[in-house]
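Coordinate inspection notes
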Amino acid sequence: MRIGVYPGSFDPFTIGHLDVLKSAAELFDKVYVAVLNNAGKSPVFSVEERVKMIDRVIETAGLESNCFSGTFGGLLVDYASSVSASHIIRGLRVVTDFEYEFQIDAVNRHLMDTITTVYFMANPSHSFLSSSNVKEIGRYGGSIEGLVPPCNEHFIRERLARQ
Ligand code: ADP
């Protein structure tokens, strides 16, 4: 069975993340969307809220037969190996993503060379989209419609408006 882990902050999960997840779900028998539990990043949404939003997306997108949510707080390769994953899944938007991902890939290979990272190019119409953009737009009352999955839009909008 081919198992992949799609790790990230997902603070919050966007339509761009969903593009990557849908592509991964076609290639892998199982995909774990793993929320990084790192208070040091000062997330807006708690780990529980992010997991709940991801679960809702998985269900709404009809991906529940092979996509699952999870969390990890230690080394990603340890989490990946705990769910028997052979691959880590990441998305690439712009050149700066490449530089960052290149470094992480080298570190993960050093730690566990049995796990390979694969990358999906962003859908060009979502290549500008990041969780940070969504937070910035939402905080100032702009519309986040079309940037986050509709099933979570109301919750995200209400939360950001209160910030
Ligand atoms: P991290 O803090 O680990 O970078 P993110 O939640 O920002 O977590 O992103 C998780 C992964 O999803 C990263 O590989 C990132 O490049 C990718 N990603 C983020 N936004 C998009 C997008 N719009 N299109 C494709 N991939 C994306």
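Attention in this report is confined to the structure presented alongside it. (Residues numbered from 1 in each chain as written. Predicted model: local features only at pLDDT ≥ 70, side-chain atom pairs only at ≥ 80, totals over all residues. Heavy atoms only, no water.)

1. Looking at the overall build of the protein chain
How we decide: Numbering of helices and strands runs from the N terminus, with a helix taken as a DSSP run of H or I at least four residues long and a strand as a DSSP run of E at least two residues long. Think of it in three bands: with a 1.4 Å probe and only protein chains considered, a residue is buried below 20% of the maximum accessible area for its type, exposed above 50%, and partly exposed in between. We call two residues in contact whenever any of their non-hydrogen atoms come within 4.5 Å of each other. Residues scored as charged are limited to Lys and Arg (positive) and Asp and Glu (negative), so that His and the chain ends carry no count. By convention, the point assigned to a charge is CZ for Arg, NZ for Lys, CD for Glu and CG for Asp.
Within the protein chain, the secondary structure is distributed over six helices and five strands. In sequence order, the secondary structure elements of the protein chain are arranged as β-α-β-α-β-α-β-α-β-α-α. Classification of the 163 residues of the protein chain by burial places 46% in the buried group. A fraction of 76% describes how many contacts in the protein chain between residues 6 or more apart in sequence connect residues 24 or more apart. Where the 15 positive side-chain charges of the protein chain centre and where its 19 negative ones centre are 4 Å apart.

2. Concerning the pattern of salt bridges
Which entries qualify depends on this criterion: Counted as salt bridges are all cases of a side-chain nitrogen of Lys or Arg within 4 Å of a carboxyl oxygen of Asp or Glu.
A complete count under the given rule lists six salt bridges for this structure. The salt bridge partner of glutamate 49 is arginine 159, with a shortest N-O separation of 2.4 Å. Of this pair, glutamate 49 sits in helix H2 (residues 47–60) while arginine 159 is found in helix H6 (residues 150–161), placing the two residues 110 residues apart along the sequence.

3. A few points about the packing of H2 against H6
Selection rule: In this description, a line fitted to the C-alpha atoms serves as the axis of each element, helices being fitted only across the stretch in contact, and the angle between N-to-C directions of two axes falls anywhere from 0 to 180 degrees. Roughly parallel means an angle under 35 degrees; roughly antiparallel, over 145; roughly perpendicular, 65 to 115; everything else is oblique.
With their axes 9 Å apart at the nearest point, H2 and H6 run at an angle of 155 degrees to one another. Classified by the angle their axes make, H2 and H6 are roughly antiparallel. Of the residues in H6, those touching H2 at Glu49, Met53, Arg56, Val57 and Thr60 are Cys151, Asn152, Phe155, Ile156 and Arg159.

4. Looking at the environment of glutamate 49
Filter applied, for reference: Whenever a nitrogen or oxygen atom comes within 3.5 Å of another N or O atom, the pair is scored as a polar contact, on the condition that within protein one atom can donate a hydrogen and the other can accept it, and that pairs from neighbouring residues in sequence are kept only if both atoms are in side chains.
When the C-alpha atoms of glutamate 49 and proline 12 are compared, they prove to be 9.0 Å apart, with 37 residues separating the residues in sequence. Apart from residues lying up to four places away in sequence, glutamate 49 is in contact with Val44, Phe155 and Arg159. Among the polar contacts listed, one links the side chain of glutamate 49 to the side chain of arginine 159, at a separation of 2.4 Å.

5. What to know about the site of the ligand
Our working rule: It suffices for a single heavy atom of a residue to lie within 4 Å of a molecule or strand for the residue to be listed as near it. Computed by Shrake-Rupley with a 1.4 Å probe, the accessible areas treat only the displayed protein chains as cover when residues are assessed. The residue classification treats Ala, Val, Leu, Ile, Met, Phe, Trp, Tyr, Cys and Pro as nonpolar and Asp, Glu, Lys and Arg as charged. All others, Gly included, are polar.
Taken together, 17 residues sit near the ligand, with Tyr6, Ser9, Phe10, Lys41 and Gly91 positioned nearest. Between an oxygen atom of the ligand and a side-chain N or O atom of histidine 17, the distance comes to 3.2 Å. At a separation of 2.7 Å, an oxygen atom of the ligand approaches a polar backbone atom of glycine 91. Against a free-state accessible area of 550 Å², the protein chains account for coverage of 91% of the ligand. Counting residues per element, the ones that place at least two in the shell around the ligand are strand E1 (3–8), helix H1 (15–27), strand E4 (87–92) and helix H4 (95–111). Of the residues that constitute the shell around the ligand, the class distribution is six nonpolar, six polar and five charged.

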